[in-house]
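# Examining the three-dimensional arrangement
Here is what each chain is made of, one letter per residue.
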There are 2 protein chains.
Amino acid sequence: MADDKKLVEAITSMEDDFAQWYTDVVKKAELIDYTSVKGCMVIKPDGYAIWELIQRQLDDRFKATGVKNVYLPMFIPESLLQKEKDHVEGFAPEVAWVTQGGLEPLQERLCVRPTSETLFCDYYSNVVHSYRDLPQVCNQWCSVVRWEKTTRPFLRSREFLWQEGHTAHATAEEAEERTIQMLNVYADFCENVLAIPVIKGRKTDKEKFAGAVATYTIEALMHDGKALQSGTSHNFGDGFARAFGIQYASKDNKLEYVHQTSWGMTTRLIGAIIMVHGDNSGLVLPPRIAPVQVAIIPIQQKKEGVLETANALKDRLVNAGCRVKVDDTDKSPGWKFSEQEMRGIPLRIEIGPRDIEAGKAIIARRDNGEKKEILLENLESEITAMLDTIQVEMLERARAHREAHTYTAKNYDEFLDIINNKPGFVKAMWCGDQACEDKIKEDAQATSRCMPFVQDNLSDKCVCCGKPAKAMVYWGRAY
Amino acid sequence: MADDKKLVEAITSMEDDFAQWYTDVVKKAELIDYTSVKGCMVIKPDGYAIWELIQRQLDDRFKATGVKNVYLPMFIPESLLQKEKDHVEGFAPEVAWVTQGGLEPLQERLCVRPTSETLFCDYYSNVVHSYRDLPQVCNQWCSVVRWEKTTRPFLRSREFLWQEGHTAHATAEEAEERTIQMLNVYADFCENVLAIPVIKGRKTDKEKFAGAVATYTIEALMHDGKALQSGTSHNFGDGFARAFGIQYASKDNKLEYVHQTSWGMTTRLIGAIIMVHGDNSGLVLPPRIAPVQVAIIPIQQKKEGVLETANALKDRLVNAGCRVKVDDTDKSPGWKFSEQEMRGIPLRIEIGPRDIEAGKAIIARRDNGEKKEILLENLESEITAMLDTIQVEMLERARAHREAHTYTAKNYDEFLDIINNKPGFVKAMWCGDQACEDKIKEDAQATSRCMPFVQDNLSDKCVCCGKPAKAMVYWGRAY
């Protein structure tokens, strides 16, 4: 049993050091590997399989709303990046520059895309001429590069994978509708697939995207009480269209500027899954995003019929639509249990000679450790029902955790006390002045996460300066 | 009807100018758009939808052989690229270099991956320790960059999309088996999905991949008689393993080097589809790779019941598993026919008031123009059978074209005569000496495409120098 202990002891407990716990999990669950390129990671098979499930399910939801996928170049000429003033100021300081192609220096340097608004604008200015060409509703799955100084796997890396949707519309109303529509797609996906509850709201001007008129966000609370921005959707108005000259002839033959949006989600979601659901035994995956949903672990697997039965159970479950593996390696059952727990596989089936004789098996839930005996004849219905239950209960548990860590502050002393002593969201009123955001950042290392769509009128006064309040804001320390 | 003519007239005929015909098709069928970045393209929705179908079907075949997807960084430090001598010589002259990150110059420049052998080696050297860690059978879908001087959409661009598989094995035999296995997956995919027949064979040393012991290829013949290398699979032996120190402890606890392979297919396949199947009316897509398989075109669509019937037929076909669109735009039927032809949609259904009354419709095949009247009650069976027939006949037609353009040369005069006057493959014997390949390149602008697995003994002598022959080679001019 020495092996079992080694595996378990190697994880730092999250109560001792949450950051180290996180790093241990991404390594021990074999999600990533470090590379020779600082700030860039290898996404290993078990990590990438999660991303593929995210991609597939998100892409299906996009296509149901009329989105079409495209691919644009990874390089942006410096002159193109500079066309929209706010945008270049936001991104130029953190891009990677290509200055040489083959053996020749380039005449104009190219940045590796940190995001592709400028390229999509260039493209739309070529293909949009008439109202018949609208709307344009495109998306691409690709990697982007931002030259971050401090990096953490999934949460902040110099290169990451994402999708970026970019749309162009005839009217401001249609652009705003699409912006909110995609935020709702994101929120629904987070809750129903990732089992992560989110707050939907609008970013303050200080926190909005470089070049946007309005940025909407979904904010999730991690297990340590810190916030994670999990997806954003931007309304650009006609600002980019004016900078790039994207005009169309309307039905009554007037030249009009288009109205644009963009929206993105990234591999950061994998970090969110880890930090919302994980525990001191490792990763805990919601069934809908688990590459392996059921691990069948044979007990006394050398005894006649045990492995055969394990494989037969697997076949039955695969036919019922489950993702299943049989762990038939030569390790001990205890080691296999630890490994299944570390990798976050939602359900374990233990099956040995006595179980087979009795027509039964033990199933064990990863999320809460509960065990249950089932009749093998009911295998498919028991397992699929249990996976559904786990999915629902993981969302409920995460929501309960968030509610238990969401506080209300009516004055600044209260606000500082909560921020410093009770990790979580703080709901408080705000006057709308960036000076108060700056002061809160300075005093409490907290930022405005969003002005939620669902507003409570906690008081008439800004929690910071006492002037008349304009909105309730969720505040928090964030990744 | 002026619009109809405009659309058709805009394509150059392939007999007049094949290169211009190709460019016209990629633009008019809306597969790509040019960009502000020289040599890089936008893959538009209709082009990218083809790539998604390629990806999905190829990826399923990969996974059936045990391949797991991963993602590695897009940047390679210069020192890492230099570790394998042949490899760096092959690629260093054509890579893009990042020299600045954010506001700081980099201490070591990074190239944008032209291919990822060096990164996979670096990764495998981290994760492979024991025979238990083998085999490693990974793949990634990504874009790569090669700083080409002359570029053409899909065929040769500075950035292109591809998949690259990289494997590591305990033995040389297993590596060779995997190399051939993936070549067979590629060949099967080309023939059964893309309807493109291919010659499987081995590259000569002159034509093999930089760093490989052996490169295997599938070669296809385009409509103009030029060859297109459509996929390659490389056996590296233990050369990279020695350069990167990738060793494992064997069962009897000896340190051994791994044996590696890599294999790739690219968006160039879309160019192959165009050049194998296209005609003077535009693109012709095999049903299995067509984003829209059936275009339903209503005739007199303003008459009562026509659009309703068209949409009802669509629903029936979608339920039968077909990809279908109804063209209900306000253009004339003639214009819609031309557009459906230009976009290569395999089947067209024409449905008007009289057809509806008679319970019939006209279906028209894109590949050969044949029309047929069908009973609406048999819609699903008629259409799915016809799509299958088209798929099979397109492959047969492409194979017949290749056979009709494959020649045999017994002496050098014959060889030069064929190469200069009869576009196609030339089968001829070769002594194995690179000097003859160089001479043929010089005299005939032709290259050895491959030494096919199926060898004919055409003669005992090299077609070029007359010395004893070692192998039969397919020669040709190539893209």
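Note that the structure is predicted; figures quoted are calculated from it, not measured.

Turning our eyes to something else, we now look at the overall build of chain A. Helix and strand content of chain A: 15 helices and 23 strands. In terms of overall dimensions, chain A is globule-like: its C-alpha atoms have a radius of gyration of 25 Å, near the 23 Å expected for 479 residues. Based on the C-alpha atoms only, the size of chain A along its principal axes is roughly 80 × 60 × 50 Å. By the burial criterion, 58% of the 479 residues in chain A qualify as buried. The contacts of chain A with a sequence gap of at least 6 include a subset with a gap of at least 24, amounting to 68%. Carbon together with sulfur atoms contributes 47% to the accessible area of chain A, which is approximately 19,200 Å² in total.

Our focus in this paragraph is the sheet that holds strand β9 (residues 199-202) of chain A. All names here are of chain A. The mixed open sheet is built from eleven strands, whose spatial order is β3-β7-β8-β14-β11-β10-β9-β22-β23-β21-β20. Strand pairing shows two members of the sheet lacking a second neighbour, β3 (68-69) and β20 (406-408), which therefore form its edges. Pairing of strand β22 (residues 447-452) with strand β23 (residues 471-476), which is carried by three bridges, proceeds in the antiparallel orientation. Bridge pairing in β23 links Cys450 to Tyr474. Helix-sheet contacts for helix α9 (residues 268-277) involve β10 (214-221), β11 (227-237) and β14 (259-266), and the interaxial angle to β11 is about 145 degrees. Contacts between helix α14 (residues 412-421) and the sheet are confined to β20, β21 (425-430) and β23, with β21 contributing the most and set at about 155 degrees to the helix.

On to the interface of chain A and chain B, then. Every contact between the two is made by 54 residues of chain A and, on the other side, 54 residues of chain B. Summed over both sides, the interface of chain A with chain B buries roughly 4,500 Å², with 60% coming from carbon and sulfur. Two residues, B:Asp330 and A:Arg132, come together in a salt bridge whose shortest N-O distance is 3.2 Å. Our count for the chain A to chain B interface comes out at 23 residue pairs in polar contact (both at pLDDT 80 or more). Taken together, the residues of the side of chain A that touches chain B break down into 31 nonpolar, nine polar and 14 charged. Alignment of strand β5 (residues 96-101) of chain A against strand β5 (residues 96-101) of chain B, held across five bridges, turns out to be antiparallel.

We now examine the pairing of strand β6 (residues 104-112) of chain B. Residues and elements named next belong to chain B. Pairing geometry for strand β4 (residues 75-77) and β6, over three bridges, is antiparallel. Bridge pairing in β6 places Ile76 opposite Cys111. Taken together, the four bridges between β5 and β6 define a ladder with antiparallel strand orientation. Following the sheet pairing, Gln100 is matched in β6 by Pro105. Where β5 hands over to β6, the hairpin turn is made up of two residues, of which Gly102 adopts a positive phi near 65 degrees.

Our next topic: the relation of the copies chain A and chain B. Superposing chain A onto chain B takes a rotation of 180 degrees combined with a translation of 0.0 Å along the rotation axis, leaving an RMSD of 0.0 Å. In symmetry terms, the pair is related by a two-fold rotation axis. Closest approach to the rotation axis among the C-alpha atoms of chain A is made by A:Val98, whose C-alpha sits 2.1 Å away. Most of the interface of chain A is mirrored in chain B, where 100% of its interface residues are also at the interface.

Turning our eyes to something else, we now look at the packing of helix α2 (residues 18-28) of chain B against helix α9 (residues 268-277) of chain B. All names here are of chain B. Running from N to C, α2 and α9 point in directions that differ by 120 degrees, and their axes come no closer than 11 Å. Between α2 and α9 lies a crossing of right-handed hand. Only Gly271, Ile274 and Met275 of α9 make contact with α2, whose side of the interface consists of Phe18, Trp21, Tyr22, Val25 and Val26. Partitioned by chemical class, the residues of the contact of α2 with α9 number seven nonpolar, one polar and no charged.

Summed over all chains, the structure comprises 34 aromatic pairs over all chains. Their ring planes at 25 degrees and their centres at 6.4 Å tell us that B:Phe240 and B:Phe244 sit as a pair that is stacked. Taken as a pair, B:Phe240 and B:Phe244 lie in helix α8 (residues 239-244) at a separation of four residues, close to a single helical turn. Residue B:Phe244 is classed as buried on the basis of its relative accessible area, which comes to 8%. Through a chain of ring-to-ring contacts, the aromatic side chains of A:Trp51, A:Phe62, A:Trp141, A:Tyr186 and A:Trp263 assemble into a single cluster. Of note, A:Arg109 hangs over the ring of A:Trp97, and the distance from its end group to the ring centre comes to 3.9 Å. A cation sits over an aromatic face here: A:Lys226 above A:Tyr479, 4.5 Å from the ring centre.

For the rest of this paragraph, the subject is the sheet that holds strand β16 (residues 324-326) of chain A. Whenever strands of a sheet pair, they do so through backbone hydrogen bonds, lying parallel or antiparallel. Residue and element names in this part refer to chain A. Pairing is mixed in the open sheet, where five strands are placed in the order β16-β15-β17-β18-β19. Unpaired on one side and paired on the other, β16 and β19 (371-375) mark the two borders of the sheet. For this sheet, the mean inter-axis angle between neighbouring strands, taken without regard to orientation, is 25 degrees. Contacts from helix α10 (residues 306-319) reach β15 (294-298), β16 and β17 (347-351) within the one sheet, and its direction differs from that of β15 by about 165 degrees.

Let us now look at the environment of A:Thr171. Residues and elements named next belong to chain A. Positionally, Thr171 belongs in the loop between β8 (159-169) and α7 (172-192). With 87 residues separating them along the chain, Thr171 and Val258 place their C-alpha atoms 6.8 Å apart. A distance of 3.1 Å separates a polar side-chain atom of Thr171 from the backbone nitrogen of Glu174.

To continue, consider the environment of A:Lys208. All names here are of chain A. Structurally, Lys208 can be placed in the loop between β9 and β10. Its relative accessible area of 28% is what places Lys208 among the partly exposed residues. Spatially, the C-alpha atom of Lys208 lies 9.9 Å from that of Cys450, the residues being 242 residues apart in sequence. Apart from residues lying up to four places away in sequence, Lys208 is in contact with Lys203, Val213 and Thr215.

Residues and elements named next belong to chain A. Within the secondary structure layout, Pro452 lies in strand β22. Its relative accessible area of 5% is what places Pro452 among the buried residues. When the C-alpha positions of Pro452 and Val473 are compared, they lie 6.6 Å apart, and in sequence the two are 21 residues distant. Apart from the residues lying within four places of it in its own chain, the contact partners of Pro452 are Ile199, Lys200, Gly201, Met472, Val473 and Tyr474.

Secondary-structure assignment places A:His259 in strand β14. A:His259 has contacts with A:Thr167, A:Ala168, A:His169, A:Ala170, A:Thr171, A:Ala172, A:Ala175, A:Gly237 and A:Asp238, leaving out every residue within four places of it along the chain.

Quick look at the pairing of β10(A) now. The two faces of a sheet get side chains in turn, since along a regular strand they alternate between them. Residues and elements named next belong to chain A. The element β10 is extensively covered by neighbouring structure, given that eight of its eight residues are classed as buried. Neither face of β10 is left uncovered, since the one carrying Ala214, Tyr216, Ile218 and Ala220 and the one carrying Thr215, Thr217, Glu219 and Leu221 both have all their residues buried. Here β9 runs beside β10; their pairing, made up of four bridges, is antiparallel. Opposite Ile199, over in β10, you have Glu219 as the bridge partner. In terms of strand pairing, β10 meets β11 through eight bridges, oriented antiparallel. When the bridges of β11 are listed, Ala214 appears paired with Asn235. Between β10 and β11, which follow one another and run antiparallel, lie five residues, and Gly225 among them has a positive phi close to 85 degrees.

Thresholds applied
- Residues numbered from 1 in each chain as written.
- Chains lettered and ligands numbered in written order.
- Predicted model: local features only at pLDDT ≥ 70, side-chain atom pairs only at ≥ 80, totals over all residues.
- Heavy atoms only, no water.
- Helix = DSSP H or I, 4+ residues; strand = E, 2+ residues; numbered from the N terminus.
- Rg over C-alpha atoms; globule rule 2.2 N^0.38 Å.
- Buried < 20%, exposed > 50% of the residue type's maximum accessible area, 1.4 Å probe, protein only.
- Contact = heavy atoms within 4.5 Å.
- Areas by Shrake-Rupley, 256 points an atom, 1.4 Å probe, with all protein chains shown as cover.
- Pairing = 2+ DSSP bridges.
- Axes fitted to C-alpha atoms, helices over the stretch in contact; angles between N-to-C directions.
- Buried area = accessible area lost by both parts, 1.4 Å probe.
- Salt bridge = Lys/Arg side-chain N within 4 Å of Asp/Glu carboxyl O.
- Polar contact = N/O pair within 3.5 Å; in protein donor to acceptor, adjacent residues only side chain to side chain.
- Nonpolar A, V, L, I, M, F, W, Y, C, P; charged D, E, K, R; others polar.
- Least-squares fit on C-alpha atoms with pLDDT ≥ 70 in both.
- Left-handed = near helix turned anticlockwise from the far one by under 90°.
- Phe/Tyr/Trp six-rings, centres within 6.5 Å; stacked < 30°, edge-to-face > 60°.
- Lys NZ or Arg CZ within 6 Å of the ring centre and 35° of its normal.

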